[in-house]
Amino acid sequence: MPSDTLSSRTVPQPRPGRHSLVIVGAGPRGTGLIERIAANAPELYDGSGLDVHLVDPHPPGAGRIWREAQSPLLWMNSHAEDVTMFTDETVNMAGPVRPGPTLHEWAGIDAATFADRQLQGGYLRWVHEQAVAALPPSIRVHHHPRRAVRVTGPREGRQQVWLEDRPRPLLADLVVLALGHLDAELDDEQRSLAAYAAEHDLVHLPPDFTADSDLSALAPGSDVLVRGFGLAFVDLMVLLTEGRGGRYEGDTYVPSGQEPVLHVGSRRGVPYRSKIGYDWTGERPPLPRFFGPAEVDELLARSGGFDFRRDVWPLIEKELGFAHYHRLFTVHGERTTMSWADFEEKYAAGSAAEVRALVAAAVPDPADRLDLDALDRPLEGVRYGSFEELQEGLRGHVERDLSRRHDPSFSADSAVFLGLLSVYGQLIRLGDIGSWWHGFFSYLASGPPGPRLRQLQALSRAGIVRFLGADMGVTAEGGVFRASSVSVPGAFVEARALVEARLPEPTVGRARDTLLRELHEEGAGETPEGLLRVDPGDGRILDRGGRPHPRRFALGPFTDGRTPGAFTRPRTGGPAFRQNDATARAALEFFAGLAGRAAA
């Protein structure tokens, strides 16, 4: 059945005998929840009726980030074959599997295509329509194109969801927050930089979703400092080059004359690693091996808690190394000096030092060894005499990365990617383990498509992009912004514009979303990193004492149950699918209980 979009004046209230679920956020997570409600309803819910209210100013399915109304120059960051909104038998969940097409199958495009986000928005709209159509006739969906500004109500009673510019709230038996990425108030450093910019007529663009940023203040030919070298930078690069009329002729960029000059740096000083450009073949590493449910259970059972670096990271290192060497020995065994069986036995039993010695003896070429520290900080200890020397050095780094990530003879890298997905799936049970891991995962596993890095190379050669190096620092002095890095000691670049090329941190305390801020003020639990605490079982919001709220749930990147990537790759277990299923089943069981009590 299709959903209806309600006018700004219409606020339908639950009728006698009908229950009400309000989902705040109609993007992919809200859509995934509706799909799981449809899949589980035949088993769990036989009530007299349920109204599902979707609250989001953006179109259902795509939501804000993936809306169809954005530049066609902006791409997905995954191959079309690696994007699905549908479950499969690898998902560890209680509900039924309801298979469906990947983006590439739905759109009829090549599996290896990096589709534009407009097409992805169309796919998500279709998935939403299919999910709504699969609901039982007694469940009706209503879309409210408004922002939810707060939630009130007693723990044991009906909730009130207040909408922007509406005098009366939506009444809800249950509320699920599926808010996606959040806007945030500026932190202390950002406020200081913004104030300096206002005082000296400079341009300061704080962290934001790049497609929503007003880039018109970045004048043609002007120098712009860019802090951040991840996916937000890639979007910025595209919109300020091709988006201003430039074009590529092979490996050469032809400027339009409207581009600014982008001086980009970051903590690592290099772009995220390229997406792998070849298909997986053969046996997958048998994961998890060293970091699975048993190890997580042991960590959770420790009376004194655990420390990520001391207790968790060594298990992750061993797991990723196992994935890497399993592939190297079983597929590229000619580059090793012993059998996989012998290596695996010694690897499993060895300490960290023993494993290093084992690898040195069994894997002659250092290029075939997994060195996570070197991968994470490729410019560590590297110094250049000038920014000109740095440009050549960085172009060489990017070229080597592109070459390796598109060469199947280094398919152990692809095994590490599978290991990263496996590890992330286990880490979800541990809750918030700090922001470092999420950045490391994104850097290795969620980098840009290879063609984007080739464009970066062309822009570097054309002088449109200039590299600044590692541990980039920014100061505001002398009426300008000044950037430096450890890669070129003593050198700096001055500019009248600074762009923070990253998404805002998803902290509850600094969220611009008034709904979340009020929940925070009322006592919702948060982690040391500022994420909303939720029950790892079904997503109920926890208070500061650890008590789950009986009528409020939350799913998504602003919670400590956040999952890897924006979308799930088929046949990888899909932690987000498991979470959606658990929340849907908890909600349906709640409504079934209400219906049973009403009948009695």
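Computed from a prediction, not measured in an experiment: that's the story for all the values here.

A.B. asks: Any details on the sheet that holds strand β6 (residues 159-163)? Residues and values, ideally.
C.D. replies: Taken in spatial order, the three strands of this open sheet run β5-β6-β7, and their pairing is antiparallel. Of all strands in the sheet, those bounded by a partner on one side alone are β5 (148-152) and β7 (170-172). The mean angle between the axes of side-by-side strands here comes to 25°, regardless of whether they run parallel or antiparallel. One ladder, built from four bridges, connects β5 with β6; its direction is antiparallel. Residue T152 lies in a different strand from β6, and its bridge partner there is Q160.

A.B. asks: Lay out the side chain of R585 in plain terms, naming residues and giving numbers.
C.D. replies: Within the secondary structure, R585 sits in helix α16 (residues 575-599). At 2.6 Å, the side chain of R585 and the side chain of N40 are in polar contact. For R585, the residues in contact, after removing those within four places along its chain, are N40, E43, L44, A94 and G95.

A.B. asks: Describe the packing of aromatic side chains, listing the residues and the values that go with them.
C.D. replies: Scanning all chains against the criterion turns up 29 aromatic pairs. With centroids separated by 6.4 Å and ring planes inclined at 75°, the aromatic side chains of Y45 and F591 adopt a geometry described as edge-to-face. Here Y45 is found in the loop between α1 (28-44) and β3 (50-55), whereas its partner F591 is found in helix α16, with 546 residues between them in sequence. Aromatic pair W106 and Y123: ring centres 5.6 Å apart, planes at 55°, arrangement tilted. Of the two residues, W106 sits in helix α2 (residues 103-107) while Y123 sits in helix α3 (residues 117-133), which places them 17 residues apart along the sequence. Since its relative accessible area comes to 28%, W106 is described here as partly exposed. Taking the relative accessible area as the measure of exposure, Y123 reaches 0% and is therefore buried. By way of ring pairs, the aromatic residues F290, F322, Y325, F329, W340, F343 and Y347 are connected into one cluster. Over the ring of W162 we find R150; its NZ or CZ atom is 4.4 Å from the centre of that ring.

A.B. asks: Would you mind going over the confidence of the model for the protein chain in detail, with residue names and values included?
C.D. replies: Averaged over all residues, the pLDDT of the protein chain is 94; the fraction at 70 or higher stands at 97%. For residues 7-11, every residue scores under 50 in pLDDT, and the model assigns this stretch 10 contacts once sequence neighbours within four places are set aside.

A.B. asks: I'd love a proper account of the sheet that holds strand β14 (residues 465-469), names of residues and values included.
C.D. replies: Read across the sheet, five strands follow the order β9-β18-β10-β13-β14 without closing on themselves; strand pairing throughout is parallel. Looking along the sheet, the strands with just one partner apiece sit at the ends: β9 (203-205) and β14. Taken over all neighbouring pairs, the strand axes of this sheet differ in orientation by 20° on average, direction set aside. Both strand β10 (residues 223-227) and strand β13 (residues 261-265) contribute to a ladder of five bridges, which runs parallel. What sits directly across from V224, in β13, is L262. Against the sheet, helix α4 (residues 188-200) touches β9, β10 and β18 (497-500), its axis set at about 155° to β9.

A.B. asks: Describe the pattern of salt bridges, naming the residues involved and giving the relevant values.
C.D. replies: Inspection of the entire model under this criterion finds 41 salt bridges. Across the pair R36 and D581 runs a salt bridge, and its minimum N-O distance is 3.0 Å. Taken together, the residues span a long stretch of sequence, with R36 in helix α1 and D581 in helix α16 at a distance of 545 residues. R36 sits in the buried class, given a relative accessible area of 1%. A relative accessible area of 1% means that D581 is categorised as buried. Here R547 makes a salt bridge to D543, at a shortest N to O gap of 2.9 Å.

A.B. asks: For the side chain of D51, give the residues involved together with the corresponding values.
C.D. replies: Here D51 shows up in strand β3. Only 3.2 Å separates the side chain of D51 from the side chain of R18, close enough to count as a polar contact. What D51 contacts, discounting residues up to four positions off in sequence, is R18, H19, S20, L21, R140 and H142.

A.B. asks: Summarise the environment of G574; cite the residues concerned and give the values.
C.D. replies: Secondary-structure assignment places G574 in the loop between β20 (548-554) and α16. Of the residues examined, G574 reaches a relative accessible area of 2% and is grouped as buried. Separated by 503 residues in the primary sequence, G574 and S71 place their C-alpha atoms 29 Å from one another. Setting aside residues up to four positions removed in sequence, G574 forms contacts with V91 and T568.

A.B. asks: Give a detailed account of the packing of helix α5 (residues 231-240) against helix α14 (residues 450-461), specifying residues and quantitative values.
C.D. replies: Contact geometry for α5 and α14: axes closest at 11 Å, N-to-C directions at 55°. The angle between α5 and α14 falls in the class oblique. In this structure, α5 crosses over α14, and the sense of that crossing is left-handed. On the side of α5, the interface is formed by F233, V234, M237 and V238, while α14 contributes R452, Q455, L456 and L459. Considering only residue class, the contact of α5 with α14 consists of six nonpolar, one polar and one charged.

A.B. asks: Please set out the packing of helix α8 (residues 340-349) against helix α9 (residues 352-362) residue by residue, giving values where relevant.
C.D. replies: Two numbers describe how α8 lies on α9: the axes approach to 8 Å, and their chain directions differ by 160°. The angle between α8 and α9 places the two elements in the roughly antiparallel class. Considering the relative orientation of α8 and α9, their crossing is left-handed. On α9, the residues that touch F343, K346, Y347 and A349 of α8 are E354, V355, L358, V359 and A362. Tallied by class, the residues present in the contact of α8 with α9 amount to seven nonpolar, no polar and two charged.

A.B. asks: Requested: an account of unusual backbone geometry, with residues and values cited.
C.D. replies: In this structure, P288 follows L287 across a cis peptide bond, with omega equal to -5°. Within the secondary structure, P288 sits in the loop between β13 and α6 (293-301). Positive phi values are uncommon outside glycine, yet D165 reaches one of about 65°. For D165, the position within the fold is in the loop between β6 and β7. D165 sits in the exposed class, given a relative accessible area of 66%. With a phi angle near 50°, D471 is a residue other than glycine that sits in the positive phi range. Tracing the backbone through its elements, the reader meets D471 in the loop between β14 and β15 (473-477).

About the criteria used
- Throughout this document, residue positions are counted from 1 along each chain, in the order its sequence is written.
- Residues qualify for local features only when their pLDDT is at least 70, as the model is predicted, and side-chain atom pairs are given and counted only at 80 or more; totals for whole chains, interfaces and linings, by contrast, use all residues.
- Excluded from the side-chain calculations are hydrogens and water; all other atoms, namely the structure's heavy atoms, are used.
- Any two strands with at least two DSSP-identified bridges between them are counted as paired.
- For helices the rule is a DSSP run of H or I covering at least 4 residues; for strands it is a run of E covering at least 2, with both sets numbered from the N terminus onward.
- Lines fitted to the C-alpha atoms define the axes, with helices restricted to the stretch that makes contact. Angles between their N-to-C directions range from 0 to 180 degrees.
- Polar contacts, as counted here, are pairs of nitrogen or oxygen atoms within 3.5 Å of one another; within protein the pair requires one atom able to donate a hydrogen and one able to accept it, and residues that are adjacent in sequence qualify only if both atoms are side-chain atoms.
- By definition, residues are in contact when any of their heavy atoms lie within 4.5 Å.
- Each Phe, Tyr or Trp ring, with Trp reduced to its six-membered ring, pairs with another whose centre is within 6.5 Å; inter-plane angles below 30 degrees give stacked pairs, above 60 give edge-to-face pairs, and intermediate values give tilted ones.
- When a residue's accessible area, from a 1.4 Å probe over protein chains only, is under 20% of the maximum for its type it is buried; when over 50% it is exposed; and in between it is partly exposed.
- Lysine NZ or arginine CZ positioned within 6 Å of the ring centre and within 35 degrees of the ring normal marks a charge as sitting over the ring.
- pLDDT measures how confident the predictor is about each residue, on a scale from 0 to 100.
- For this analysis, a salt bridge means a side-chain nitrogen from Lys or Arg found within 4 Å of a carboxyl oxygen belonging to Asp or Glu.
- An angle counts as roughly parallel when it lies under 35 degrees, as roughly antiparallel when it exceeds 145, as roughly perpendicular when it falls between 65 and 115, and as oblique in every other case.
- For any pair of crossing helices, the crossing counts as left-handed if the nearer helix is rotated counterclockwise from the farther one by less than a right angle, and right-handed if it is rotated clockwise.
- Gly is put with the polar residues, along with every residue not named as nonpolar or charged; the nonpolar set is Ala, Val, Leu, Ile, Met, Phe, Trp, Tyr, Cys and Pro, and the charged set is Asp, Glu, Lys and Arg.

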